[in-house]
Amino acid sequence: MPETRERIIETARRLFWEQGYTATGVAQILDEAGVRSGSLYYFFPGKDELLVAVLEKYKDLLDPMVVRPAFERTSDPIERIFGILAGYRQLLIQTKYQHGCPIGNLALEVGHTHPKARKLIAENMTGWRKAIEQCLADAAGRLPRNLTRERLSLFVLTTMEGAVMLARSYRSLEPYDAAVAQLREYFDYLVRECRARKERRNARST
């Protein structure tokens with residue numbers, strides 16, 4: 001029975017991502033999951049409860065699907081941030097701009113109508129930001145001391161979500177690449193500023 005529940009959740013997760021929550025009917029979920037209606041309603045009273053389960057699943061998938069692949073490619077904490085962003089770029093290519101960030105999509109579609117879902121969407125976003133904050137903490141020696149990690153992680157998330165939306169709108173990687181390039185320039189500036197401050201402190205102490 002746990003396998004049936006997971007199959008239902010995974011099918012709903014894919015369909016919500018591919019065509020949206022509203023456009024996905026229970027009958028389609030049942031058909032593609034290969035289960036009867038009684039099996040679905042045994043686990044979930046309705047579609048809204050299934051949405052909640054999908055969002056909980058996304059929280060579990062953040063590390064293995066989004067964070068770990070980027071972290072395994074490099075040990076440099078700043079490059080890990082851009083590795084995560086590169087993953088979303090690859091997703092745009094693979095789906096031919098059809099599908100963006102699944103959490104961002106659901107935020108736009110159901111965030112104002114489903115309070116419990118909105119809470120879980122925020123928790124997913126927070127988990128994403130925490131991964132970025134950890135990278136910033138690991139790179140602390142290369143970034144200015146007065147840097148606010150929480151605000152910068154929010155800026156990185158905003159850049160990603162906005163860049164994905166623009167890439168899908170224009171059906172082009174150009175806006176995504178431009179946004180990430182601008183973010184890269186900002187990180188380069190922060191690293192240079194930190195280095196310059198250290199050099200000034202060293203000069204004063206000699």
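To be clear, the structure that these remarks concern was listed above.
Calculation criteria
- Residues numbered from 1 in each chain as written.
- Predicted model: local features only at pLDDT ≥ 70, side-chain atom pairs only at ≥ 80, totals over all residues.
- Heavy atoms only, no water.
- Buried < 20%, exposed > 50% of the residue type's maximum accessible area, 1.4 Å probe, protein only.
- Helix = DSSP H or I, 4+ residues; strand = E, 2+ residues; numbered from the N terminus.
- Contact = heavy atoms within 4.5 Å.
- Axes fitted to C-alpha atoms, helices over the stretch in contact; angles between N-to-C directions.
- Parallel < 35°, antiparallel > 145°, perpendicular 65-115°, else oblique.
- Nonpolar A, V, L, I, M, F, W, Y, C, P; charged D, E, K, R; others polar.
- Patch = residues over 30% accessible without salt bridge, like charges linked within 9 Å, V, L, I, M, F, W, Y side chains within 5 Å.
- Areas by Shrake-Rupley, 256 points an atom, 1.4 Å probe, with all protein chains shown as cover.
- Salt bridge = Lys/Arg side-chain N within 4 Å of Asp/Glu carboxyl O.
- Lys, Arg positive; Asp, Glu negative; His and termini not counted.
- Charge placed at Lys NZ, Arg CZ, Asp CG, Glu CD.

A. How the structure looks around helix 6 (residues 102–110). Within the sequence span of helix 6, burial applies to Pro-102, Ile-103, Gly-104, Leu-106 and Val-110. The secondary structure elements touched by the buried residues of helix 6 are helix 1 (2–19), helix 4 (47–73), helix 7 (115–138) and helix 8 (149–170).

B. Focus on the packing of helix 8 against helix 9 (residues 174–205). At a closest axis distance of 7 Å, the pairing of helix 8 and helix 9 adopts a crossing angle of 160 degrees. What the angle tells us is that helix 8 and helix 9 run roughly antiparallel. Contacts from Leu-152, Phe-155, Val-156, Thr-159, Met-160, Ala-163, Val-164, Leu-166, Ala-167 and Tyr-170 in helix 8 reach Pro-175, Tyr-176, Ala-179, Leu-183, Tyr-186, Phe-187 and Leu-190 in helix 9. Grouping the constituent residues of the contact of helix 8 with helix 9 by class yields 16 nonpolar, one polar and no charged.

C. Examining a positive patch on the surface more closely. Taken together, the side chains of Arg-145, Arg-192, Arg-195, Lys-198, Arg-201 and Arg-204 define a basic patch exposed on the protein surface. Examined against the element boundaries, Lys-198 turns out to sit in helix 9.

D. Examining the environment of Arg-89 more closely. You can see Arg-89 is positioned in helix 5 (residues 77–94). The partly exposed category is assigned to Arg-89, whose relative accessible area is 29%. The spacing of Arg-89 and Tyr-41 is 48 residues in sequence and 37 Å in space, taken between C-alpha atoms. When residues no more than four places from it in sequence are discounted, the contact partners of Arg-89 are Leu-173, Tyr-176 and Asp-177.

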